[in-house]
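Chain and residue survey
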Amino acid sequence: MLAAWCVSMSLLLLSLKSKAQEDQFRQINGKIADRHTRANIPFAHIYIEGTQQGTIADLYGNFTFKYLDKYHNGFLSVSCMGFKTVSIPVSSLKPDEEILLEQNIIELAELIVKPLDPLSLLEEALRKIPENYDSASLMLSGYYKISSRLGDRQVRYTEALIDIYKPGYTAGSKENQWSDSIRIRQIRTRRSEIKDWKLKAMLDAESSLYHLQRRDLIRELTHHDADETIKSWKENYICELEKIVSLNGRPAYVISLNAKKNRKEAFWNGHFFIDEETRAFVKYDFVSSEQLFRKMKGSIGYILGSKLYGVKYEEGQWRESMAYAFRDGKWYFREVNSSKHFIISSKK
């Protein structure tokens, strides 16, 4: 049996109000797409303004959520990294609404006055992490969602309102990756449509909020020596400065990293966005390389699990994106999205 397995996880950090009272519910269905290309926009954030009623679009831009009837005359806000936020009257939405977003990344090629070395920009951004990111601890509130599907069947679905305590970044600290504390305030789940426990065991990887919470680029970078990080990028990737864009109204350099062939540690292809003024990492958007898939299939856990449960991954791809917000002269962790898509084979 061949089937497609897709798992997506999202975490949006924001301020949320207290729990809503019980009331009658309505349902909104729709799809988020690019206005010009009509391409699906994954992981867009959809919520009714001034409430905690909302959800996150899936990998294909589709969304469904229920909201309290008393908010029917409110406004639906739709936002996504790299796109302009739109606000739509809830009462005007059709049963299957297609919501179109305009890109918010505007190319500013004319700002490039002289050639810049992309590795030098990356190194400068690494060195300036202590200056650009708040060293004080803070409490954040957010919305978390994980959806895992095998073909058209739901394997796992969880939504939660959470609080996260984040200590400040400390360069060279080995505790940077693991020291966040998470408290779940509200949670909603759906029953799994997969009955085979062996199959579910193989598809259960990365189902924890803690896997997503650790995907903080700056925390990861401060966990490693800057010189070693630059050395690794030089050895494993081709780096190019592609252009300057306006990202949320601020000029930013777009630097591509493409995995070199036959490099075992070259796991990703994608882009860093570095703020022109502060030289801070402000956005990260990457897709896994073939080397990462081969590494996963070569792990002891996968080999033992595939033999035990009779399930193999034939193809696979990861997508990772995260963004930081600028406030009061510092950059703060704002949003992270992660998705995995596999073609699997099973003996059943």
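Note that the coordinates shown come from a computational prediction; the quantities given were computed from them, not determined experimentally.

Basis of the calculations
Residues numbered from 1 in each chain as written. Predicted model: local features only at pLDDT ≥ 70, side-chain atom pairs only at ≥ 80, totals over all residues. Heavy atoms only, no water. pLDDT = per-residue confidence, 0-100. Helix = DSSP H or I, 4+ residues; strand = E, 2+ residues; numbered from the N terminus. Contact = heavy atoms within 4.5 Å. Pairing = 2+ DSSP bridges. Axes fitted to C-alpha atoms, helices over the stretch in contact; angles between N-to-C directions. Core = buried A, V, L, I, M, F, W, Y, C linked by side-chain atoms within 4.5 Å. Buried < 20%, exposed > 50% of the residue type's maximum accessible area, 1.4 Å probe, protein only. Phe/Tyr/Trp six-rings, centres within 6.5 Å; stacked < 30°, edge-to-face > 60°. Lys NZ or Arg CZ within 6 Å of the ring centre and 35° of its normal. Parallel < 35°, antiparallel > 145°, perpendicular 65-115°, else oblique. Left-handed = near helix turned anticlockwise from the far one by under 90°.

What follows concerns the confidence of the model for the protein chain. Looking at the protein chain as a whole, its pLDDT mean stands at 80, while 83% of the residues score no less than 70. At the level of individual helices and strands, the protein chain shows its lowest average pLDDT in helix α4 (residues 209–213), which scores 54, and its highest in strand β15 (residues 268–275), which scores 95. Counting interchain partners and residues more than four positions distant, the pLDDT-below-50 stretch residues 15–22 has 16 contacts.

Here we come to unusual backbone geometry. One non-glycine residue, R38, adopts positive backbone phi at about 65°. Looking at the element boundaries, R38 is found in the loop between β2 (25–34) and β3 (45–48).

Time to look at the sheet that holds strand β4 (residues 54–56). Here four strands make up an open sheet; going across it, the order is β4-β3-β6-β7 and the pairing antiparallel. Each edge of the open sheet carries a strand with a single partner, namely β4 and β7 (86–89). Here the strands of the sheet are splayed against their neighbours by 15° on average, with no regard to which way each runs. Strand direction decides the pairing type here: β3 and β4, joined by three bridges, are antiparallel. By the bridge assignment, Y47 is partnered in β4 with G54.

What follows is about the nonpolar core. Ranked by size, the top nonpolar core spans 61 residues in total, and within it L122, W233, L257, F272 and F281 carry the most contacts. Dropping the residues within four chain positions of it, W233 is found in contact with L119, L122, L126, L221, C239, L257, F272 and F281.

The tally for this structure, following the rule as stated, stands at eleven aromatic pairs. Here Y284 and F286 contribute two aromatic rings whose centre-to-centre distance is 4.4 Å and whose plane-to-plane angle is 20°, an arrangement assigned as stacked. F286 shares its class with Y284; the two are buried. Among the aromatic residues, those joined into a ring-pair cluster are W233, F272, F281, Y284 and F286. Positioned above the aromatic ring of Y157 is the side chain of R190, whose terminal nitrogen or guanidinium carbon lies 3.8 Å from the ring centre. The ring of Y332 carries the charged tip of R327 above its face, separated from the ring centre by 4.2 Å.

Next up on the list: the environment of I218. Its place among the elements puts I218 in helix α5 (residues 217–222). The class for I218 is buried, based on a relative accessible area of 0%. Placed 62 residues apart in sequence, I218 and A280 show a C-alpha to C-alpha distance of 9.7 Å.

In this section: the packing of helix α1 (residues 118–127) against helix α6 (residues 226–236). Two elements in contact, α1 and α6, have axes separated by 10 Å at closest approach and are oriented at 155°. Compared by their axis directions, α1 and α6 come out roughly antiparallel. Here α1 runs over α6; the crossing is right-handed. Every residue of α6 that contacts α1 at L119, L122, E123, L126 and R127 is listed here: A226, D227, T229, I230, W233 and K234.

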